[in-house]
Amino acid sequence: IKAENIEYPENNPVIKHREYVKISITDTGNGVQAGDIERIFDPYYTTKKTGTGLGLAIINSIIKNHDGYIFVNSEPGKGATFTFLLPGVKVVG
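Residues numbered from 1 in each chain as written. Predicted model: local features only at pLDDT ≥ 70, side-chain atom pairs only at ≥ 80, totals over all residues. Heavy atoms only, no water.

Peer 1: How should the overall build of the protein chain be read in this particular structure?
Peer 2: Counting secondary structure elements, the protein chain contains 2 helices and 4 strands. Counted from the first residue to the last, the protein chain has its helices and strands arranged as β-β-α-α-β-β. Principal-axis analysis of the C-alpha atoms gives the protein chain an extent of 50 × 30 × 25 Å. Summarising the internal contacts of the protein chain: among those between residues at least 6 apart in sequence, 50% fall at separations of at least 24. As presented, the protein chain carries roughly 6900 Å² of accessible surface, and 53% of it is formed by carbon and sulfur atoms. Distance from the positive charge centre (10 side chains) to the negative charge centre (10 side chains) of the protein chain: 4 Å. (Helix = DSSP H or I, 4+ residues; strand = E, 2+ residues; numbered from the N terminus. Contact = heavy atoms within 4.5 Å. Areas by Shrake-Rupley, 256 points an atom, 1.4 Å probe, with all protein chains shown as cover. Lys, Arg positive; Asp, Glu negative; His and termini not counted. Charge placed at Lys NZ, Arg CZ, Asp CG, Glu CD.)

In structure tokens, the structure reads:
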């Protein structure tokens, strides 16, 4: 798990220009298959026999409702890294 404060530049076509808290969580599991990457945040999509497919869909919804972003980077057999960005808050005091 890694966390840092970052600022995205104005010219990024996907992410709004502002300060964020960037949190990355990396595992060393089986990774996500290439064909599944684009669907893992869809409600009810699962690759597990006992899964409901709601976990990542709920996480995605919560992050988006807080003006954040979530991304996944994975290589099958080498684990996955989930990175999410949440708007930073300046504390004055």
